[in-house]
Amino acid sequence: MPRLAYVDGQFVPLAAAAVNVEDRGLQFADSVYEVVAVFNGRLFDWDGHAARLARNLAALAIAPPMADAALARVARRLIAANRATEAILYLQVTRGVARRDHVAAALRPTLVMTVRPFDFAQRVGQQMAGVGVITVPDERWARCDIKTTGLLANVLAKQRARDEGAFEAWLVAADGRVAEGASTNAWIVAADGTLVTPPLTPRVLPGVTRAAVIEAARERRIAVAERDFTVAEAQAACEALITSTTVPVLPVVRIDGATVGDGRPGPITTQLAAAVWDRVAVQTGYRP
Ligand code: PMP
């Protein structure tokens, strides 16, 4: 597969793709991003990602680099140029380039996109087995609802999880409430069968997959509660799960070494995973 990136109006070989060293994305993480799944060469849930990107840009007063429709056209051209089928599209918008100074004038934003092949079929195996998570203190900034590239705390948390043989790290507030994973939203299934996920506060990223899973649950008459839960409650729950664009629904069968339920993926998680794959199939024709 050819490897081309899009940088500020140009399609360039990935290895040669570069931004200015005075880009505020590099110097200040003054930038937002999206990760979009591509199946059969088609963008999945594009509207949700485009809407979140627009909200994030507005929240930071970064100028949109182009209209949503034009952005989608660039994304599709990049997918086609890379002959990508199952892939991840990465899109980043920074405030732009300026002499380093905390205060920035109005700048022309930098837009970067890359696409890389991604093996979604591997998720099916993980769905059958389930994954483990560890919990770590949430040391991130106070606006985790904005999808900025300031991900150092997330990176360190995820690395710790992998070092300890877990798939994900759940970020936990001082009072024991779980916010979300380092790159996923966190969920449990309570004893009465209610699907529970923390509410959308500044501690939680409004996941596009989170919204799809809530919709799927309601359609299937699974009760949904957006409320906080603690690590202890999750360890004692019937089921636990994580969601994200690249996961998309994975059963969690171990939390800090404690087995969740009977240690196997539960029926509600399995149903929700199937529902999201159905959504993928409807939009893109892809089935894992
Ligand atoms: N929380 C965090 C911190 C994330 O980085 C992600 C992945 N972007 C998510 C949740 C899940 O979001 P989505 O379903 O939109 O991929």
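(A) Fine view of the sheet that holds strand β4 (residues 42–43). If you trace the six strands from one edge of the open sheet to the other, you get β2-β1-β6-β5-β3-β4, paired in antiparallel fashion. A strand with exactly one partner marks an edge of an open sheet, and here the two such strands are β2 (10–13) and β4. Where strand β5 (residues 87–94) lies against strand β6 (residues 110–117), eight bridges are found, and the strand directions are antiparallel. Among the inter-strand pairings, Y90 is bridged to a residue of β6, identified as T114. The sheet contacts of helix α2 (residues 46–60) involve β3 (31–39), β4 and β5, and relative to β3 the element is tilted by about 175 degrees.

(B) Representation of helix α5 (residues 152–163) in the model. For α5, built from 12 residues, the straight-helix expectation of 16 Å at 1.5 Å per residue is met to within 8% by its first-to-last C-alpha distance of 16 Å. The inward-facing, buried residues of α5 contact β7 (131–137) and β8 (168–172). Just downstream of α5, G165 is the residue with a positive phi angle, here 80 degrees.

(C) Geometry of the site of the ligand. Near the ligand lie 17 residues; those nearest to it are K147, E180, V208, T209 and T245. Between an oxygen atom of the ligand and a main-chain N or O atom of V208, the distance comes to 2.8 Å. Between the ligand and T245, the relevant distance is 2.6 Å, taken from an oxygen atom to a side-chain nitrogen or oxygen of the residue. In isolation the ligand has 390 Å² of accessible area, and contact with the protein removes 93% of it. Only β9 (178–181) and α6 (208–219) provide two or more residues apiece to the shell around the ligand. Taken together, the residues of the shell around the ligand sort by class into four nonpolar, 10 polar and three charged.

(D) Structural view of the domain arrangement of the chain. Taken domain by domain, the chain holds domain 1 (4–118) and domain 2 (123–284). The centre of domain 1, based on its C-alpha atoms, is set 26 Å off from the matching centre of domain 2. Contacts between the two partners involve 25 residues from domain 1 and, on the opposite side, 20 residues from domain 2. Interface area for domain 1 against domain 2, summed over the two sides, is near 1,900 Å², with a carbon-plus-sulfur share of 64%. It is Y33, F44 and R52 that lose the most area in domain 1 upon contact with domain 2, and together they represent 31% of the buried surface on that side. Where domain 1 meets domain 2, there are one salt bridge.

(E) How the structure looks around the pattern of salt bridges. One pass over the full model with this rule turns up 19 salt bridges. Ionic pairing is found between D145 and R143, a salt bridge with its closest N-O pair at 2.9 Å. Relative accessible area serves as the criterion here: at 19%, D145 is assigned to the buried category. On the basis of relative accessible area, R143 is assigned to the partly exposed category, the value being 36%. Between R264 and D262 there is a salt bridge whose closest N-O contact spans 3.3 Å. With a relative accessible area of 54%, D262 lands in the exposed category.

Rules used throughout
- Residues numbered from 1 in each chain as written.
- Predicted model: local features only at pLDDT ≥ 70, side-chain atom pairs only at ≥ 80, totals over all residues.
- Heavy atoms only, no water.
- Pairing = 2+ DSSP bridges.
- Helix = DSSP H or I, 4+ residues; strand = E, 2+ residues; numbered from the N terminus.
- Contact = heavy atoms within 4.5 Å.
- Axes fitted to C-alpha atoms, helices over the stretch in contact; angles between N-to-C directions.
- Expected span 1.5 Å × (residues − 1).
- Near = heavy atom within 4 Å.
- Polar contact = N/O pair within 3.5 Å; in protein donor to acceptor, adjacent residues only side chain to side chain.
- Areas by Shrake-Rupley, 256 points an atom, 1.4 Å probe, with all protein chains shown as cover.
- Nonpolar A, V, L, I, M, F, W, Y, C, P; charged D, E, K, R; others polar.
- Domains from an automatic or database assignment.
- Buried area = accessible area lost by both parts, 1.4 Å probe.
- Salt bridge = Lys/Arg side-chain N within 4 Å of Asp/Glu carboxyl O.
- Buried < 20%, exposed > 50% of the residue type's maximum accessible area, 1.4 Å probe, protein only.

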